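Structural features, examined
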Amino acid sequence: MNNSNLQKAAEILGEVREKAPLVHCITNYVTINDCANILLSYGASPAMCEAYDEVFDFVKLSSALYINLGTFVKEQEQAAILASTSAKIHNVPVVLDPVACAAVPKKIQIINRIFQVGKIDVIKGNIGEIKFLAGQSSNVKGVDSLDNGEGALESCIALSHKYNCVVAATGEKDFITDGKNSAIIENGTKMLTKVTGAGCMLGALCGATCGADQDKFTATVTAILSMNIAGEEAFKKATSPGSFRVKLIDCIYELSEEKLREGTKITWK
Amino acid sequence: MNNSNLQKAAEILGEVREKAPLVHCITNYVTINDCANILLSYGASPAMCEAYDEVFDFVKLSSALYINLGTFVKEQEQAAILASTSAKIHNVPVVLDPVACAAVPKKIQIINRIFQVGKIDVIKGNIGEIKFLAGQSSNVKGVDSLDNGEGALESCIALSHKYNCVVAATGEKDFITDGKNSAIIENGTKMLTKVTGAGCMLGALCGATCGADQDKFTATVTAILSMNIAGEEAFKKATSPGSFRVKLIDCIYELSEEKLREGTKITWK
Amino acid sequence: MNNSNLQKAAEILGEVREKAPLVHCITNYVTINDCANILLSYGASPAMCEAYDEVFDFVKLSSALYINLGTFVKEQEQAAILASTSAKIHNVPVVLDPVACAAVPKKIQIINRIFQVGKIDVIKGNIGEIKFLAGQSSNVKGVDSLDNGEGALESCIALSHKYNCVVAATGEKDFITDGKNSAIIENGTKMLTKVTGAGCMLGALCGATCGADQDKFTATVTAILSMNIAGEEAFKKATSPGSFRVKLIDCIYELSEEKLREGTKITWK
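- Under an unreviewed UniProt entry, chain A has the name Hydroxyethylthiazole kinase and belongs to Clostridium luticellarii.
- Annotation of chain A in UniProt includes, under Pathway (unreviewed entry), the sentence "Cofactor biosynthesis; thiamine diphosphate biosynthesis; 4-methyl-5-(2-phosphoethyl)-thiazole from 5-(2-hydroxyethyl)-4-methylthiazole: step 1/1."
- In the Cofactor (unreviewed entry) part of its UniProt record, chain A is described as follows: "Mg(2+)".

As structure tokens, then:
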């Protein structure tokens, strides 16, 4: 099972390059440029469309919808909810990053509203955010998580069952589950925490992979492996954050299915 | 005619460096930082002013007004229309980038309103957007154009006559016309399509050149030549998108009138 | 006095790395990504929280509040004023960058309102902005200052007395005062003027240092020394703006207390 799952995960990278999925992003203004650039480097096609009277139709054209709740303004909230209904009607995969949902109560309301009228196929957050959504206490500082990963997989599985979606919790280790199948990834580099929006960019990559393949669990694994391995490669070339961030985008571009298969530290359950 | 036109185009680069034109930008949040940085590197002075009660007076101080319709929110729409009236009254050149006007109907209304109450001196878009504005069908994907250039110059000339302005259509080849004189540029690198906002940045450069010289046709040629040649230079040093994007800004800074004259692949009509 | 002041200024860098202060930023969309990245590189923790119903509580969790008035939209204005009241109530240091206050009258109203209901501990602007706020004429172009520094320290001291806060005016030389003690810094590189947001990023660093140490005068010196010395180091490695900007972030990361002590050109008064 392991080898064929990893094989499938690597192949999804090729599908992204082949299909150039259109990823419709409604995301925060801090990292919106990075999300667009990483999608282009990855082989996808980014579109940052968030005007209320445009989003419903735009989702129809898209391969995936990526909603990121960081610094959400009122118009974005309305646009995201409407976009999610279009995604539900037109069967477009939806990836959600619940940024800082533990620190900001209103974001829970937005998430619940999206589940009411639309859908979410993948929730990708840090371990603190996932634990909070799953209903347990968590140790958060601002938008970052200080959680050490204990109980993380259990929280992911609980949240996956609660919302019937794929859940990914990122941290020193990354946990992904569809409620039945799970994976734990130990690749990556701490330098990713010195780049603002590494998590936001990862959510965008999940949009790309879910837009390229229907297997959203494995697609999410592909995206996380991609970011982590590109991060490791980049850190070999640049050990300070400014240069590292540039090399990260280069290494996303230079990723190959072979690189995703070799040197991965992944446990499947 | 050819040599003196190219000579003039190269000289406009020098005028930008000499005059440091103030380019008032009302543009999308995805690439606003890149537009500011490329203007500084080019030798111009960027100002991102879009509050409704500020723009009318700010245009008066500016050498040029650059309006980019990507991700336009309501306040920006109102500010852009008001800014364009100030530009008309105070004879400030206006450059417009009609991003995604084929995919989003409301943008046509904004463009028409600007022509009604204000003015536009240069429309700079991709081939798909220009063909759409000229009234013909076009092949677009999201915000990007899949058009191969056939009939592009005809569309530019038609649009130029329709709105009495300079029109530039960018793609594998770039077409520029004032309705009477035309130019086709074949410089550039495909790597520019892997950098989000290359088109937005180019529009900002058009603001700089039009702010430095009254000959808006040749000024637009200068800007497009600048981006293309800087792109070619950058690609010699960096072949992955992250590093390429950094080198692009370096090469804009390092451009010289000499570089614009040599190695250009331009046809004048 | 000199050596112990410089020693204190250098130590504050260490305090930032040790405490990782949470810097709550309400800032412009042009440079918001750069502000977040430079804070991470410096050793601080950035949070870009500006929704009206979130800011009051978020300030309570923060080590410092950084307000930057560039491209301020209505919601940001309301959020900033409310955030400043929370900062006053909860004794959180407030750093203000009055971007373009000379060119845009409404910004003076915002500053006065913040002083009425909240507080400002440090005003960090360019020399033109500081002179304008101090009530004298100034020579400004758009958002940049063409002032040569004459009378700058006097203006800083006057403004410091007027508002009972620390004032810093940046330019070819940088002037800092708390109304009683002053410092003049002559480090830096002109290349910083070719990077959009160098001033915005510096304001964010002031948020970090003021969030790490109660001595706001010396903390502001620390931040300005940090930016200037990192700039000098970066210019040794990259002399074009694209690469320089990347190296600047690297050099902020690589700063040490030793580097801040050696090679500084600072006069204490």
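Okay, back to it.
**Describing the UniProt feature "binding site: substrate" (unreviewed entry) in chain A**
- With numbering aligned to this structure, UniProt lists the feature "binding site: substrate" (unreviewed entry) at Met48(A) and Gly197(A).
- Tracing the backbone through its elements, the reader meets Met48(A) in the loop between β2 (45-47) and α3 (52-61).
- For Met48(A), a relative accessible area of 11% corresponds to the buried category.
- When neighbours within four sequence positions are excluded, Met48(A) is seen to be in contact with Cys25(A), Ile32(A), Cys35(A), Ala36(A), Val30(B) and Thr71(B).
- Summarising the element assignment, Gly197(A) is placed in the loop between β10 (182-185) and α8 (198-212).
- On the basis of relative accessible area, Gly197(A) is assigned to the buried category, the value being 11%.

**Side note on the relation of the copies chain B and chain A**
- Once chain B has been moved 0.0 Å along the axis and rotated by 120°, it coincides with chain A to within an RMSD of 0.0 Å. Accordingly, the operation relating the two chain copies is best matched by a three-fold axis. Residues of chain B ranked by C-alpha distance from the rotation axis are headed by Tyr29(B), positioned 3.9 Å from it.
- Different-surface contact between copies: only 8% of interface residues of chain B are shared with the interface of chain A.

**A few points about the sheet that holds strand β8 (residues 166-170) of chain A**
All names here are of chain A.
- Ordered by their spatial adjacency, 9 strands build an open sheet running β2-β1-β3-β4-β5-β8-β9-β10-β11, and the pairing between neighbours is mixed. Since the sheet does not close on itself, it has two edges, and those belong to β2 and β11 (266-268), each with one partner. Pairwise comparison of adjacent strand axes, ignoring direction, gives a mean angle of 15° for this sheet.
- The pairing of strand β4 (residues 94-97) with strand β5 (residues 122-126) spans 2 bridges and is classified as parallel. Its bridge partner being in β5, Leu96 is matched across the sheet by Ile123.

**Focus on the packing of helix α2 (residues 32-42) of chain A against α8(A)**
Residue and element names in this part refer to chain A.
- Packing of α2 against α8 leaves a shortest axis separation of 9 Å and a crossing angle of 40°. Judged on the interaxial angle alone, α8 and α2 are oblique. The two elements α2 and α8 cross, and the hand of that crossing is right-handed. Residue-level inspection shows Asp34, Cys35, Ile38, Leu39 and Tyr42 of α2 in contact with α8, the latter providing Cys200, Met201, Ala204, Leu205, Ala208 and Thr209.
- Among the residues making up the contact of α2 with α8, the classes are represented as 9 nonpolar, 1 polar and 1 charged.

**Focus on the interface of chain C and chain B**
- In this assembly, 23 residues from chain C lie in contact with 22 residues from chain B.
- Surface buried jointly by chain C and chain B totals about 2000 Å² across both partners, of which 57% is contributed by carbon and sulfur atoms.
- The interface formed by chain C and chain B holds 1 salt bridge in total.
- Across the salt bridge formed by Lys106(C) and Asp53(B), the nearest N and O atoms sit 4.0 Å from each other.

**Here's the deal with the environment of Glu18(A)**
Residues and elements named next belong to chain A.
- One can find Glu18 in helix α1 (residues 2-19).
- Judged by its relative accessible area of 64%, Glu18 is exposed.
- Distance in space between the C-alpha atoms of Glu18 and Ala51 is 29 Å, their sequence separation being 33 residues.

**A word on the side chain of Thr196(A)**
- Looking at where Thr196(A) falls in the secondary structure, it is placed in the loop between β10 and α8.
- Exposure remark for Thr196(A): the relative accessible area of 11% places this residue in the buried category.
- Every residue in contact with Thr196(A), bar those within four places of it in the chain, is listed here: Val30(A), Thr31(A), Asp34(A), Met201(A), Asn33(C), Ala36(C), Asn37(C) and Leu40(C).

**Notes on helix α2 (residues 32-42) of chain B**
Residue and element names in this part refer to chain B.
- Where burial is concerned, most of α2 is hidden: 11 out of the 11 residues are buried.
- Buried within α2 we find Ile32, Asn33, Asp34, Cys35, Ala36, Asn37, Ile38, Leu39, Leu40, Ser41 and Tyr42.
- Residue Gly43 follows α2 closely and has a positive phi angle near 110°.

**Regarding the UniProt feature "binding site: ATP" (unreviewed entry) in chain A**
All names here are of chain A.
- Feature annotation in UniProt places "binding site: ATP" (unreviewed entry) on Lys124 and Thr170, given in this structure's numbering. Of the residues just listed, which span 47 residues, no C-alpha pair is farther apart than 7.7 Å, and they cluster in one region.
- For Lys124, the location among the structural elements is in strand β5.
- When sequence neighbours within four positions are dropped, the list of residues in contact with Lys124 reads Leu96, Asp97, Pro98, Ala168, Thr170, Gly199, Cys200, Leu202, Gly203 and Cys206.
- For Thr170, the position within the fold is in strand β8.
- Setting aside anything within four residues of it in sequence, one finds Thr170 in contact with Lys124, Gly125, Asn126, Ile127 and Leu202.

**Concerning the relation of the copies chain C and chain B**
- Laying chain C over chain B is done by rotating through 120° and shifting 0.0 Å along the axis; what remains is an RMSD of 0.0 Å.
- Interface overlap between copies is the fraction of interface residues in one copy that are interface residues in the other; for chain C against chain B it is only 9%, indicating separate surfaces.

The rules behind the values
- Residues numbered from 1 in each chain as written.
- Chains lettered and ligands numbered in written order.
- Predicted model: local features only at pLDDT ≥ 70, side-chain atom pairs only at ≥ 80, totals over all residues.
- Heavy atoms only, no water.
- UniProt positions renumbered as here; feature names shortened; annotations may be inferred.
- Helix = DSSP H or I, 4+ residues; strand = E, 2+ residues; numbered from the N terminus.
- Buried < 20%, exposed > 50% of the residue type's maximum accessible area, 1.4 Å probe, protein only.
- Contact = heavy atoms within 4.5 Å.
- Least-squares fit on C-alpha atoms with pLDDT ≥ 70 in both.
- Pairing = 2+ DSSP bridges.
- Axes fitted to C-alpha atoms, helices over the stretch in contact; angles between N-to-C directions.
- Parallel < 35°, antiparallel > 145°, perpendicular 65-115°, else oblique.
- Left-handed = near helix turned anticlockwise from the far one by under 90°.
- Nonpolar A, V, L, I, M, F, W, Y, C, P; charged D, E, K, R; others polar.
- Buried area = accessible area lost by both parts, 1.4 Å probe.
- Salt bridge = Lys/Arg side-chain N within 4 Å of Asp/Glu carboxyl O.

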